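# Overview (structure and organization)
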Amino acid sequence: MTISKPVFDRLGLAMWIGAFLIVLGLVLWSPGTRTVTQAYGYGSEAFLSGRPLYNLQSEMGYLYAPAFAAFYLPVLKLGPYLGGVVWHALGFAALTFAAMRQVRKIGGEELPWLLSFGLFLALPMALGAIRNGQATILLTAACWLLTLSALEGRRAETFFWASVAIIAKPTAIIMLLLVSALRLRLIPVLVLAVLLVLAIPYAFAPAGYLNEQYGDFARMLTSMAVDKSGHFVPTDFTAPFTSAGLPMPEFAATVVRIVVALLTLSTVLWFDRKLQPGIAGLAIFLAAAFYMCVFNPRVEPNTYAMIAVPAGLAIATLWREERGGVLASVLSTVLFLTGLTSVERHMHDFFYPWFRPIAVSFIACSLIWWFWAKGREKIVSVGPVAHG
């Protein structure tokens, strides 16, 4: 193997954990610096006092479901120091657990190396969202574990992780729709999870107040998808065109999103049928994360943390299966360096917002093509046996 196995058996995992310990130190040193948890706290405080959660005149602020405000209440009550540590640890632990579970599902040899090298490649792109305490980290873990649980037919786990995913961010509905198409028998479980999340806030606040908040929440989601008058700059697939002075019309962007959604659906259905069960979960979630990052109209640079770890593990799997090679080397370099484009202000200004959607599209499409090739190899290998 080109990348020294003894070195990366532990180095990547050590760097992953070490970087998180540094993040915890920064949280304790200055809990209000470089964090979005203040918006979460604002939502929980407004929820407790019966104030409006949403400002329909702004595309920023509290952008989550009422259930998230209730979910974040215990963290708020713990205070900025202990609460900050607990919140950051919750997302990091869930994402690390999802990666470990995925590696066990892939199986084969050199599993410590697979996990360690994958986390090493993902660290630069994921660290910003981890540092900021963004719910994207918890969303990624919940959607990933939802995918694995659903593919295994585990109803209770599917219900739990679907509920967590919806609470973390409303964009989780994309993953629920995808899982519904993959496992039709789990549709009642997923519907029940949605209903539970919608009902949870009613245990903590008056029904009239919550009915108003749900109405504002629905209007906010609709307006954010089409309102381009604010100062929010999306980093989705339209960003390169906008940066080049050729903004894409909203209708054309919507058509592209629908077409790619259908392609993603057909791709994951094919992966589910043709790939080995262990690797199918990784391929399916990678394709879903790619769509949720690059084709989400509300995506920002740190949203790409969602695809960082699955892409890292997929590249590590490619490297193990192919024993290195040009493709694995190029994808490893691009993923790692893409995460470093925001470490310095001048670099950030140059690459923002056009570079990440291009780089991630190149990485994800290359990996999806490789997974498709693996599925084709399986078809060819079993073909002669099937025909006697």
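This text goes with the structure placed above it.
As the structure is a prediction and not an experimental result, all values here were calculated from the model. (Residues numbered from 1 in each chain as written. Predicted model: local features only at pLDDT ≥ 70, side-chain atom pairs only at ≥ 80, totals over all residues. Heavy atoms only, no water.)

### A few points about the packing of aromatic side chains
This is how the line gets drawn: Ring pairs are drawn from Phe, Tyr and Trp, using the six-membered ring of Trp, whenever the two centres fall within 6.5 Å, and their geometry is named by plane angle: stacked under 30 degrees, edge-to-face over 60, tilted for the rest. Secondary structure is summarised from DSSP: a helix means a run of H or I of at least four residues, a strand means a run of E of at least two, and numbering begins at the N terminus for each. When accessible area is computed with a 1.4 Å probe and restricted to protein chains, residues below 20% of their type maximum are described as buried, those above 50% as exposed, and intermediate ones as partly exposed.
Within this structure, the stated rule accounts for 35 aromatic pairs. Between Tyr40 and Tyr72, the aromatic rings sit 5.6 Å apart at their centres with planes inclined by 70°, giving edge-to-face as the arrangement. With Tyr40 in helix H3 (residues 37–49) and Tyr72 in the loop between helix H4 (66–71) and helix H5 (73–77), the pair connects residues that are 32 residues apart, well separated along the chain. Of the residues examined, Tyr40 reaches a relative accessible area of 1% and is grouped as buried.

### Some words on the packing of helix H10 (residues 173–182) against helix H14 (residues 250–274)
Packed helix pairs are characterised by how far apart their axes lie and by the angle those axes make with each other. Defined as follows: Note on geometry: axes are C-alpha line fits, over the in-contact stretch for helices, and angles between N-to-C directions span 0 to 180 degrees. Relative orientations are named as follows: roughly parallel for angles under 35 degrees, roughly antiparallel for angles over 145 degrees, roughly perpendicular for angles from 65 to 115 degrees, and oblique for any other angle. Note on convention: the crossing is left-handed when the near helix lies turned anticlockwise from the far helix by less than a right angle, right-handed when the turn is clockwise. Residue contacts are counted whenever heavy atoms from the two residues lie within 4.5 Å of one another. Throughout this entry, Asp, Glu, Lys and Arg are counted as charged residues, while Ala, Val, Leu, Ile, Met, Phe, Trp, Tyr, Cys and Pro are counted as nonpolar. The remaining residues, Gly among them, count as polar.
Look at H10 against H14: their axes get within 10 Å of each other, and the N-to-C directions meet at 45°. Between H10 and H14, the angle falls in the class oblique. The element H10 and its partner H14 pack so that their crossing is right-handed. Taken together, the residues of H14 that come into contact with H10 (itself represented by Leu178, Ala181 and Leu182) are Leu265, Val268, Leu269 and Asp272. Here the residues of the contact of H10 with H14 sort into six nonpolar, no polar and one charged.

### Points about unusual backbone geometry
Cis geometry is adopted by the peptide bond preceding Pro353, which originates at Tyr352 and carries an omega value of 0°. Phi angles above zero are rare outside glycine, and Glu110 is one such case at about 60°. The residue Glu110 is located in the loop between helix H6 (79–106) and helix H7 (111–132) in this model. Residue classification places Glu110 among the buried positions, given a relative accessible area of 18%.

### A closer look at the environment of Gly25
Summarising the element assignment, Gly25 is placed in helix H2 (residues 11–29). When the C-alpha positions of Gly25 and Ile284 are compared, they lie 35 Å apart, and in sequence the two are 259 residues distant.

### Digging into a nonpolar patch on the surface
The line we're drawing: Only residues above 30% relative accessible area that lack a salt bridge enter a patch, with like-charged residues linked at up to 9 Å and the nonpolar side chains Val, Leu, Ile, Met, Phe, Trp and Tyr linked at up to 5 Å. Areas reported as accessible are Shrake-Rupley estimates using a 1.4 Å probe. Residue values count occlusion only from the protein chains shown. Salt bridges, as used here, are contacts in which a Lys or Arg side-chain nitrogen is within 4 Å of a carboxyl oxygen on Asp or Glu.
On the surface, a nonpolar cluster with roughly 440 Å² of combined accessible area is contributed by Leu184, Ile187, Val191, Leu195 and Leu198. Residue position: Leu198 is located in helix H11 (residues 187–199).

### Looking at the pattern of salt bridges
Tallied over the full model, the rule gives 12 salt bridges. Note that Glu152 is salt-bridged to Arg101, the shortest N-O span being 3.2 Å. Placement of Glu152 in the loop between helix H8 (135–151) and helix H9 (155–168) and of Arg101 in helix H6 is noted, with a sequence separation of 51 residues between them. Residue Arg101 is classed as buried on the basis of its relative accessible area, which comes to 9%. A single network of salt bridges, built from pairs that share partners, joins Arg101, Lys105, Glu152, Arg154 and Glu157.

### Description of empty space enclosed by the protein
Here is the rule we go by: Points on a 1 Å grid, built from protein atoms alone, make a cavity when a 1.4 Å probe fits but cannot get out and make a pocket when they are open with protein on both sides within 12 Å along at least 5 of 7 lines; residues with an atom within 4 Å of a point are the lining residues. Grid points are joined across faces, edges and corners, and a volume is the space filled by probe spheres set on the points.
All chains considered together, the criterion is met by two cavities of 30 Å³ or more. Quantified by volume, the largest cavity comes out at close to 80 Å³. Looking at the largest cavity, the residues that line it are Trp87, His88, Leu90, Gly91, Phe92, Ala129, Ile130, Gly133, Gln134, Ile137 and Leu138. Those elements that place two or more of their residues in the lining of the largest cavity are H6, H7 and H8. Sorting elements by how many residues they give to the lining of the largest cavity places H6 first, with five residues. Looking at the lining of the largest cavity residue by residue, the class counts come to seven nonpolar, four polar and no charged. Together, Thr235, Pro301, Thr341, Ser342, His348, Phe351, Tyr352, Pro353, Phe355 and Arg356 line the second largest cavity.

### With respect to the packing of H6 against H7
Between H6 and H7, the least distance of the axes is 11 Å, while the angle of their chain directions is 155°. Taken as axis vectors, H6 and H7 run roughly antiparallel relative to one another. Viewed along their axes, H6 and H7 form a crossing whose handedness is right-handed. Contacts between H6 and H7 involve His88, Phe92, Ala99, Met100, Val103 and Ile106 on the former and, on the latter, Leu111, Leu114, Leu115, Leu119, Ile130, Arg131 and Asn132. A breakdown of the residues in the contact of H6 with H7 according to their chemical character gives 10 nonpolar, two polar and one charged.

Remember that the coordinates give geometry; whether it matters functionally is a separate question.
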